[in-house]
Amino acid sequence: TRSLSITSVGHSTFEKAQGEKVTLPCTFVLSEEDEGPLDIEWVLIPADNQKKEQIIIMYAVDRIYNHYYAAMTGRMQFTNPDPRSGDGSLDILNLKSADTGTYQCKVKKAPGVQSQKIQLTVLVKPARTKCSIEGSQEIGKDVILKCASQEGSPLLSYDWRRVSGTQELPATSMLNKNTGELLLKNASQDYSGTYNCVASNRVGTDECSVQLNVTPPINTAGIIAGAIIGTLLGLCVLGFLIFCCCKKHREKKYEKEVHHDIREDVPPPKSRSSTARSYIGSNRSSLGSMSPSNMEGYTKTPYSQVPSEDFERTPAQNPTFAPSKVAAPNLSRMGAVPVMIPAQSKDGSIV
C-alpha cells in the first residue's frame, strides 16, 4: 500500500553565513491510507553518537510546541503556520555558528512514517581584517605586506591589489593567498602607493588598505655622529651645572661659618701678675746697666713696695724721692733674692 512520502529531496546540505536566515525544507504528501493524527518533529542530531537527539520544534494534535530547545527560542518557526497543508519546513533566524549540525525532519501519520536529514553549516564572514607592513621601506630592501582577518570561518583566501598608480602589482611581487602575505623584492620608489587586501570565504568578504612609501636609505653615519655630539654637549652642560651647584654650596657653607664665628676685636686685659713682672723686668734691666761709677747719688734706701695699677694713693701719701735715690722693687715679694748694690760715698770710698 501506498503511504505518505517526503517530496523535498535533493537539498541535504546548506551553507549560510552567521546572522542570516535559512529554511530547511520538509514537504510531504499524504495518502488515503494514512488516517492517524499528523505528527511532525524537527530534531538536532549531535555529532557525538553517545548523546541523545534534541527535539527543536514539534507539531502534534493540531498544536505547535517550540519550547524544547532553549538555544533557539524565538529564532525558529514552521514556514507554514498550518503544517497540515503538506509543508513542515523549518525557518531558523539570525543564525549562529553554534547552529551548525545535522537536522532531521520526521513526519508521522499512521500507518505512514518518513524522515529526512539535512546538514547545516553556519559560516562566519571575514571581519576585522587588518593590513600591516613588515620590513624597512627603503630602496633595495624587501618589503612584506601582511593581511589577516580576526574573524571568519575557514577556508579564508586573501588577495592583494594596487589601487593607485598603475593599479598593477609590481613584477617582483609574490602572493600567498592562504597566509595573506605579499612579498615585494628589491623595492623601488615606483612601488610606493596604496595597496588593498580582500579576505574572503564562501559566505562573505572583508577588506583593508595600507599605504607603502619607499624612501632612500637613511644616513646612519650622520645620525650616529649627531647622537655622539649631542651626548657630549649634554654631558658638558651637566658638568657645568654640577660645578655651579658645588660652588654655590661652598659659598653658602662659608658664609654660614663666618656668621657664627666669634671674633675678639679687643685683646683681653693683662693680669696683675704680668704687670708686676713687666715692671720688675724693666727695673732689673735698668739696674743691670749701673756701674759703681754712675751709682753716685743713690742711697741705701731699701725697696719697700712694688707699684701696681690698682694701688691708689692720695697726693699727701705719695713719697718724695730725691734725685740721687732710686726706689728698687721689693724682690723678696716677687720671689727673688735681694741684691745689694754698692754705693760710693762723698769721699770716694765704696760703701
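Residues numbered from 1 in each chain as written. Predicted model: local features only at pLDDT ≥ 70, side-chain atom pairs only at ≥ 80, totals over all residues. Heavy atoms only, no water.

As annotated in an unreviewed UniProt entry, the protein chain is CXAR protein from Haliaeetus albicilla.

Q: It is not clear to me how the sheet that holds strand β3 (residues 22–24) should be interpreted in this structure. Could you clarify?
A: Within a beta sheet, neighbouring strands are joined by backbone hydrogen bonds and run either parallel or antiparallel to one another. Spatially, the three strands line up as an open sheet ordered β3-β9-β8, and their pairing is antiparallel. Looking at strand neighbours, the two that pair on one side only are β3 and β8 (76–78), the edges of this open sheet. Strand-to-strand, the axes of this sheet are offset by a mean angle of 25 degrees, without reference to chain direction. Note: β3 against strand β9 (residues 90–92), three bridges, orientation antiparallel. Note on β9: the bridge partner recorded for Val-22 is Ile-92. (Pairing = 2+ DSSP bridges. Helix = DSSP H or I, 4+ residues; strand = E, 2+ residues; numbered from the N terminus. Axes fitted to C-alpha atoms, helices over the stretch in contact; angles between N-to-C directions.)

Q: What exactly am I supposed to notice about the state of the cysteines here?
A: Counted under the stated rule, the structure contains three disulfides. Disulfide pairing is shown between Cys-131 and Cys-208; the S-S distance is 1.8 Å. A torsion of 75 degrees about the S-S bond marks the disulfide between Cys-131 and Cys-208 as right-handed. Here Cys-131, found in strand β12 (residues 127–134), pairs with Cys-208, found in strand β18 (residues 204–212); they are 77 residues apart in sequence, far enough to count as distant. Looking at Cys-208, the relative accessible area reads 10%, which means it is buried. (Disulfide = S-S within 2.5 Å. Buried < 20%, exposed > 50% of the residue type's maximum accessible area, 1.4 Å probe, protein only.)

Q: Explain the pattern of salt bridges to me, please; I cannot follow it from the model alone.
A: A side chain of one charge can pair with a side chain of the opposite charge if their charged atoms are brought near each other. Counted under the stated rule, the structure contains 10 salt bridges. With its nearest N and O atoms 3.0 Å apart, the salt bridge here joins Asp-99 to Arg-75. Highlighted residues: Asp-99 in the loop between β9 and β10 (101–109) and Arg-75 in the loop between β7 (63–65) and β8, separated in sequence by 24 residues. Of the two residues, Asp-99 and Arg-75, neither departs from the other in class, the shared state being buried. As a salt-bridge pair, Asp-159 and Lys-177 come within 3.6 Å of each other at their nearest N and O atoms. Highlighted residues: Asp-159 in strand β14 (residues 157–162) and Lys-177 in the loop between β15 (173–176) and β16 (181–184), separated in sequence by 18 residues. Judged by its relative accessible area of 35%, Asp-159 falls in the partly exposed class. One continuous salt-bridge network, built from bridges that share partners, spans Asp-62, Asp-82 and Arg-84. (Salt bridge = Lys/Arg side-chain N within 4 Å of Asp/Glu carboxyl O.)

Q: What am I meant to see in the environment of Arg-202 here?
A: Structurally, Arg-202 can be placed in the loop between β17 (193–201) and β18. Given the relative accessible area of 54%, Arg-202 is considered exposed. Expressed as a C-alpha distance, the spacing of Arg-202 and Leu-123, which sit 79 residues apart in the sequence, is 7.9 Å. Among all residues touching Arg-202, those that are not within four sequence positions of it are Glu-15 and Leu-123. A distance of 2.7 Å separates polar atoms of two side chains, one belonging to Arg-202 and the other to Glu-15. (Contact = heavy atoms within 4.5 Å. Polar contact = N/O pair within 3.5 Å; in protein donor to acceptor, adjacent residues only side chain to side chain.)

Q: Can you walk me through the nonpolar core in this structure?
A: Most often, soluble globular proteins keep nonpolar side chains buried together rather than apart. Ranked by internal contacts, the top residues of the largest apolar core, which has 27 residues, are Leu-24, Trp-42, Ile-56, Ile-92, Tyr-103, Val-107 and Leu-120. Other than its neighbours up to four places away in sequence, Leu-120 contacts Phe-14, Val-22, Ile-92, Leu-95, Asp-99, Thr-100, Gly-101 and Tyr-103. Counting 18 residues, the second largest nonpolar core, distinct from the first, contains Cys-147, Trp-160, Leu-182 and Ala-199. (Core = buried A, V, L, I, M, F, W, Y, C linked by side-chain atoms within 4.5 Å.)

Q: Please clarify how the pairing of β16 should be interpreted in this entry.
A: A regular strand places its side chains so that they alternate between the two faces of the sheet. Only one face of β16 is buried, namely the one carrying Leu-182 and Leu-184, since none of Glu-181 and Leu-183 on the opposite face is buried. In the sheet, strand β13 (residues 143–151) pairs with β16 via three bridges, with the strands oriented antiparallel. Counterpart to Val-143 in the pairing with β16 is Leu-184. Of the strand pairs in this sheet, β15 and β16 are connected by four bridges, and their pairing is antiparallel. Opposite Ser-173, over in β16, you have Leu-184 as the bridge partner.

Q: Help me understand unusual backbone geometry, please; the structure alone is not making it clear to me.
A: It is generally the case that most residues other than glycine have a negative phi and that most peptide bonds are trans. Looking along the chain, the bond that leaves Ala-110 and enters Pro-111 is cis, with omega of 5 degrees. Within the secondary structure, Pro-111 is located in the loop between β10 and β11 (112–123). Positive phi is not limited to glycine here, since Asp-62 has a value of about 60 degrees. The class for Asp-62 is exposed, based on a relative accessible area of 54%. Even without being glycine, Asn-94 reaches a positive phi, approximately 45 degrees. As for its position among the elements, Asn-94 is in the loop between β9 and β10. You can call Asn-94 partly exposed: its relative accessible area is 45%.

Q: I'm lost on the side chain of Ser-8 in this one. Help?
A: With respect to the helices, strands and loops of the structure, Ser-8 is situated in the loop between β1 (5–6) and β2 (13–17). A distance of 3.2 Å separates a polar atom in the side chain of Ser-8 from the backbone nitrogen of Thr-27.

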